[in-house]
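This is what each chain is made of:
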Amino acid sequence: MEFPKKGIYRHFKGNRYELLDFARHSETMEWMVVYRALYGDCGVWVRPLSMWTETVERDGRIVPRFQLEETEETMLADFGDAPPPEWPQETAPAGDEALYEDVPTRGDSVHGGKRPAQAVSPSNALAAVDSSDKRRILKQFYGYDDFREGQEAVVDAILSGRDTLAVMPTGAGKSVCYQIPALMLPGVTLVVSPLISLMKDQVQALKQNGISAAYLNSSLTERQFNLALGNAVRGQYRVIYVAPERLLTPRFLSAAADMNVSLVAVDEAHCISQWGQDFRPSYLTIPEFLSQLPRRPVVGAFTATATQRVRDDIRKMLALENPFVQITGFDRKNLYYSVAEAAAKDDALLKVLSKYAGMPGIVYCATRRKVESVCELLLSRGYPATRYHAGLSDEERQRNQDDFIYDRREIMVATNAFGMGIDKSNVRFIIHYNMPRDIESYYQEAGRAGRDGERADCHLLFGRQDILTQQFFIDHMGEEAGIEGEALARVQESARKRLDAMIRYCQTPDCLRRYVLRYFGEDGPENCGFCINCLNPPRSEDVTEAAKAVLRCVDQTGERFGRTMILEVLRGSESERVRQFRLDRMLSYGALSSMPKDKVSAVIDRLQEMDALTVQMRELSNGRFPILCLGHEADGVLSGETAVQILTRAAAKKSGRSKKPEAPLNVDRDLFARLSALRKQIARTRGIPPYVVFTDAALRGMADRQPSNKDEMSQISGVGVVKLREFGDIFLREIQKYKDEEAGK
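Definitions and cut-offs
- Residues numbered from 1 in each chain as written.
- Predicted model: local features only at pLDDT ≥ 70, side-chain atom pairs only at ≥ 80, totals over all residues.
- Heavy atoms only, no water.
- Helix = DSSP H or I, 4+ residues; strand = E, 2+ residues; numbered from the N terminus.
- Buried < 20%, exposed > 50% of the residue type's maximum accessible area, 1.4 Å probe, protein only.
- Contact = heavy atoms within 4.5 Å.
- Areas by Shrake-Rupley, 256 points an atom, 1.4 Å probe, with all protein chains shown as cover.
- Core = buried A, V, L, I, M, F, W, Y, C linked by side-chain atoms within 4.5 Å.
- Axes fitted to C-alpha atoms, helices over the stretch in contact; angles between N-to-C directions.
- Parallel < 35°, antiparallel > 145°, perpendicular 65-115°, else oblique.
- Left-handed = near helix turned anticlockwise from the far one by under 90°.
- Nonpolar A, V, L, I, M, F, W, Y, C, P; charged D, E, K, R; others polar.
- Pairing = 2+ DSSP bridges.
- Salt bridge = Lys/Arg side-chain N within 4 Å of Asp/Glu carboxyl O.
- Phe/Tyr/Trp six-rings, centres within 6.5 Å; stacked < 30°, edge-to-face > 60°.

Draft legend 1. Representation of the overall build of the protein chain within the structure. Helix and strand counts for the protein chain stand at 29 helices and 24 strands. Across the 745 residues of the protein chain, 53% fall into the buried class. Within the protein chain, counting contacts between residues at least 6 apart in sequence, those at least 24 apart form 70% of the total. Accessible area of the protein chain: about 33,300 Å², with a carbon and sulfur share of 47%.

Now the structure itself:
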């Protein structure tokens, strides 16, 4: 079969695309093309090869669907296909150098032994390291006495030379599973990571822990990249993060051949599967990269979200050899889940946010426009908010992201473009202003809260319009991407099934935690005791009379208006629009004035579900609008033959959530606040996020134990040797100062 050349193509309608790669469909074995747009959001698609090579009729002529403009060889000509003859001997730029002279580099083991004359193969890796050192390393560099669930088994498997697939929830410590082997194995560990922000966060945290690390991605200047790559070849780093797009470039391949790569860790491994919610075609280059190394290293695949289908795809696409599979479960026990149907979402959002003053959190919206309006709302109410979506410039996105990471802004309002790879551990709440497209996306986005293991809350504000928005996105899949026919139908069918599961989550009266666990193939107790449905179970309420009033209003207004106008009429609004159409003279005007707006909206939703109401798009003089019309089941409701019931909740009890960052009852809150302020001051001086200095959990340990010396402080979880040396004295002085002040009162 003859394949088209990789390079830049122009679509017959005018837009430009870059053909990146080819791959076989994992089920049909059909050849697919992987390509990205060179306009707008630069989206990436995978489509049948036959679509790419076919011709179309344009202005009476037969033309190629995609016309080659620039080949890959031409594109690479200016980049160079080999490293310079002699690597620069300068120090790497800030952000890439080793922080401490006594930190082990590639030629040393963590217990002082020198690199052997011959490379150690993965099969006898245990012979080259003392596995008992893993706990000492855990304490020395990370400050923890014990591994979390599943971590030790993964570390042992990698050290034994066995490929590994680890599915561990966000916050379970996946990075430790490959970073500790990186310090114990000879050679270097390469971490394939999809996002620049993830690499920067991880490298920054490693360096603060005293571990030499670097990242290689497009954020570096050419000089910085050369220096970092040169240092990597000379063995300056134990861990190197690299973007998948870099793997097959001639320069990096040449350098990697000289690095003695003992472990390749694939982070966010679900990105290699087309069945995953975040498929990234660049991940398809990983197997070829592995095959071009002088010796195949151990391969570890790590992800937080993977159904059985995705896990099978990861094993197959990465060609994992007899892998050790560790699935620690999807249950994040520290996360509280809540779903609320809200007609007035702005009011509902402000009500929820009032519980979290002074705490960092993320508000997710479905569209850029909604991000803008919600961010403006929060700013107008005095909330320290910022925004993030693909429509902003690179500079503004980076600036806003940094403001959130460095605690200069507490609230991030964003589309799903934000969050993957953000390692901010103290996010205390996630609010979904709109329903996400599927459970996978929701689990991943909600999972960005509470990475430090402390309590965090996940709220979802659900509305009927959310369903329409997501259905719109599905209906418009493939536009300008050339996908059509059966291929488009298959993709849309899969997306609709995932959307249906998401809708059921929003409407279920059962335990929300159990619903998520069962979706991913696990089970859980019927009552978790830590979600809104378990703590405040919904009850069924008969609203047949209110439903009749809604249907009569739609009928009396001639089926000419949408949901908002019908709501205003029923609740007796005195708005100008109601008076303009003389709807205040209708018999139904004010019929449900005593019923809360959210409840009237819930009645309308229920009538739509029963097909007693339908929504039809109609062309009016000023545009196309959704209009409420009577459905097939309307007569049954109006006659009384069909009852209408909705799920309601008792008035919520006053939340125990403090308006200040929480601390356990036995922790001195005033001291915790002072230590938090000190941490922020140090972070600002050093240009690092506050949580990188010490986590909230470590500060709470200090506020609880109030250590008097370094030996006592070293016993606190999260205080490692390097951080104790760097920050111990200053925090001890602050604690002693506080104790003296309290004693003098």
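Picking up after the structure, the text goes on.
Draft legend 2. Structural detail: the environment of Leu290. Relative to the assigned elements, Leu290 resides in helix 10 (residues 286–292). Of the residues examined, Leu290 reaches a relative accessible area of 6% and is grouped as buried. Between the alpha carbons of Leu290 and Leu248 there is a distance of 9.8 Å; along the sequence they are 42 residues apart. The residues touching Leu290, leaving out its near neighbours within four places in the chain, are Val264, Pro297 and Val299.

Draft legend 3. Quick peek at the nonpolar core. In terms of nonpolar packing, the biggest core is built from 151 residues, with Tyr241, Phe252, Met259, Tyr505, Met702 and Phe731 touching the most fellow members. In this view, Tyr505 contacts Tyr337, Val339, Ile439, Tyr442, Leu460, Leu512, Tyr515 and Val516; residues no more than four positions away in its chain are not counted. Formed by 31 residues, the second largest nonpolar core is a distinct cluster that contains Ala547, Ile566, Ile604 and Leu607.

Draft legend 4. Up close: the packing of helix 25 (residues 669–686) against helix 27 (residues 696–705). Relative orientation of the contacting elements helix 25 and helix 27 amounts to 135 degrees, with a least axis distance of 9 Å. Comparing the axis directions of helix 25 and helix 27 gives the class oblique. The chirality of how helix 25 crosses helix 27 is right-handed. Where helix 25 abuts helix 27, its residues Leu671, Phe672, Leu675, Ser676 and Arg679 lie against Asp696, Leu699, Arg700, Met702 and Ala703. Considered class by class, the residues forming the contact of helix 25 with helix 27 number six nonpolar, one polar and three charged.

Draft legend 5. Representation of the environment of Leu320. Take Leu320: it is sitting in the loop between helix 11 (308–317) and strand 14 (324–327). Other than its neighbours up to four places away in sequence, Leu320 contacts Asp163, Thr164, Leu165, Arg296, Val299, Ala301, Ile314 and Arg315.

Draft legend 6. Up close: the sheet that holds strand 20 (residues 456–462). The six strands lie next to each other as 15-20-19-16-18-17, forming an open sheet whose pairing is parallel. Pairing within the sheet leaves two strands with one partner each, and these edge strands are strand 15 (335–341) and strand 17 (385–388). Ignoring which end each strand starts from, the neighbouring axes of this sheet average 15 degrees apart. As defined by bridge partners, strand 15 adjoins strand 20 across seven bridges and the pair is classed as parallel. Its bridge partner lying in strand 20, Leu335 is registered against Ala456. The strands touched by helix 15 (residues 439–446) are strand 15, strand 16 (361–364), strand 19 (429–432) and strand 20; relative to strand 19, the strand with the most contacts, the crossing angle is about 150 degrees. In this fold helix 17 (residues 485–507) packs onto strand 15 and strand 20, with an angle of close to 105 degrees to the strand it touches most, strand 20.

Draft legend 7. The pattern of salt bridges, seen in detail. Scanning the entire structure with this criterion turns up 38 salt bridges. Residues Lys6 and Asp21 are paired through a salt bridge, measuring 3.6 Å at the closest nitrogen-oxygen approach. With a gap of 15 residues between them, Lys6 in the segment before strand 1 (7–11) and Asp21 in strand 2 (residues 16–24) connect regions that are remote in the sequence. A relative accessible area of 13% places Asp21 in the buried class. Between Lys134 and Glu152 there is a salt bridge, and its shortest N-O distance comes to 3.2 Å. Here the residue Lys134 occupies a position in helix 4 (residues 133–142), and Glu152 occupies one in helix 5 (residues 151–159), the gap between them amounting to 18 residues. The class of Lys134 is buried, set by a relative accessible area of 9%. Within the structure, one salt-bridge network assembled from shared partners comprises Lys134, Arg135, Asp146, Glu152 and Asp156.

Draft legend 8. Layout of the pairing of strand 16. Residues Gly361 and Val363 line one face of strand 16 and the alternating positions Ile362 and Tyr364 line the opposite face, and both faces are buried. Bridge count for strand 16 against strand 18 (residues 411–414) is four bridges, and the pairing is parallel. When the sheet's bridge partners are listed, Val363 is paired in strand 18 with Val413. Of the pairings in the sheet, the one linking strand 16 to strand 19 comprises four bridges and is parallel in character. By the bridge assignment for strand 19, Tyr364 is matched with His432.

Draft legend 9. Representation of the packing of aromatic side chains in the model. In this structure the tally under the stated criterion is 24 aromatic pairs. Taken together, a centroid distance of 6.0 Å and an interplanar angle of 70 degrees make the contact between Phe694 and Phe727 edge-to-face. Separated by 33 residues along the polypeptide, Phe694 in the loop between helix 26 (690–693) and helix 27 and Phe727 in helix 29 (residues 721–743) bring together distant segments of the chain. On the basis of relative accessible area, Phe727 is assigned to the buried category, the value being 2%.

Draft legend 10. Structural view of unusual backbone geometry. Even without glycine at this site, Asp611 takes up a positive phi of about 70 degrees. Note that Asp611 resides in the loop between helix 23 (597–609) and strand 22 (613–620). In this structure Asp611 comes out as partly exposed when scored by relative accessible area, which is 28%. Within the chain, Gln706 stands out as a residue other than glycine whose phi angle is a positive 50 degrees. Along the chain, Gln706 turns up in the loop between helix 27 and helix 28 (710–713).

Draft legend 11. Structural context of the sheet that holds strand 14. Strand order in the open sheet formed by seven strands is 10-11-9-12-13-8-14, and the pairing between neighbours is parallel. With one partner strand each, in any of the chains shown, strand 10 (213–216) and strand 14 form the two edges of the open sheet. For this sheet the average axis-to-axis angle between neighbouring strands, irrespective of direction, equals 15 degrees. Against the sheet, helix 11 engages strand 8 (164–167), strand 13 (298–303) and strand 14, with an angle of about 155 degrees to strand 8.

Draft legend 12. The side chain of Gln326, seen in detail. Along the chain, Gln326 turns up in strand 14. Judged by relative accessible area, Gln326 falls into the buried class, the value being 15%.

Draft legend 13. Spotlight on the side chain of Ser338. Mapped onto the elements, Ser338 comes out in strand 15. Under the relative-accessibility criterion, Ser338 is labelled buried at 8%. Setting aside its immediate chain neighbours within four residues, Ser338 contacts Cys458, His459, Leu460, Leu512 and Ile532.

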